[in-house]
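# Residue-level structural notes
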Amino acid sequence: MMYEFKVGWCPFCDQGWVEIVKNQMTEELLLCCNECDTNWNNYDEFKKDDIPSYFRQYEEVEFEKDYESDDDDFRFNIIKPTYQEIINKGWEKYIFKD
């Protein structure tokens, strides 16, 4: 099923679904847009009108130069979590039911 763990439409790029994903390096679950890779640490952060987690780290750096190299590293570290991992985190209630 495509976009199995989607929780909403990306407010940042307005082009993709925000999904629950897992960072395989840290084992942490997070929310990430499948189009622009903007990510949020949790659902509350995603729902409030604020700068996404992914871009907070770039506030003090030159965006064009650093974004490209870090974007590639980020994409390769993201994997699909199991449904049980999502339940363990308490995030199953955020998944859209089609």
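Residues numbered from 1 in each chain as written. Predicted model: local features only at pLDDT ≥ 70, side-chain atom pairs only at ≥ 80, totals over all residues. Heavy atoms only, no water.

### Considerations on the pattern of salt bridges
The test is simple: Any carboxyl oxygen of Asp or Glu within 4 Å of a side-chain nitrogen of Lys or Arg constitutes a salt bridge here. Note on conventions: DSSP H or I runs of at least 4 residues are helices, E runs of at least 2 residues are strands, and numbering of each starts at the N terminus. Under the scheme applied here, a residue whose accessible area is under 20% of the maximum for its type counts as buried, over 50% as exposed, and between as partly exposed, the area being computed with a 1.4 Å probe on protein chains only.
Counted under the stated rule, the structure contains 4 salt bridges. The shortest N-O distance in the salt bridge between Lys80 and Glu4 comes to 2.5 Å. In this pair, Lys80 is assigned in the loop between strand E5 (78-79) and helix H4 (83-89) and Glu4 in the segment before strand E1 (6-9), connecting sequence segments 76 residues apart. A relative accessible area of 54% means that Lys80 is categorised as exposed.

### Describing the confidence of the model for the chain
We apply this condition: Per-residue confidence from the predictor is given as pLDDT, running between 0 and 100. For this analysis, residues touch if any pair of their heavy atoms sits within 4.5 Å.
On average, the chain scores 78 in pLDDT, and the residues at 70 or more come to 70%. Per-element confidence in the chain ranges from a low mean pLDDT of 47 for helix H3 (residues 63-76) to a high of 98 for H4. In this model, residues 56-71 is a region of pLDDT below 50 whose contacts with residues beyond four sequence positions or in other chains number 15 contacts.

### Observations regarding the packing of aromatic side chains
Here is the rule we go by: Stacked, edge-to-face and tilted are the three classes for Phe, Tyr and Trp ring pairs, Trp counted by its six-membered ring, which pair at centre distances within 6.5 Å; planes under 30 degrees apart are stacked, over 60 edge-to-face, the rest tilted. When the NZ atom of lysine or the CZ atom of arginine is within 6 Å of a ring's centre and also within 35 degrees of its normal, the charge is said to sit over that ring.
A full pass over the atoms with the stated rule returns 6 aromatic pairs. A network of ring pairs unites the aromatic residues Trp40, Tyr43, Phe46 and Tyr94 as a single cluster. Between the NZ or CZ atom of Lys6 and the centre of the ring of Trp17, over which it lies, the distance is 4.2 Å.

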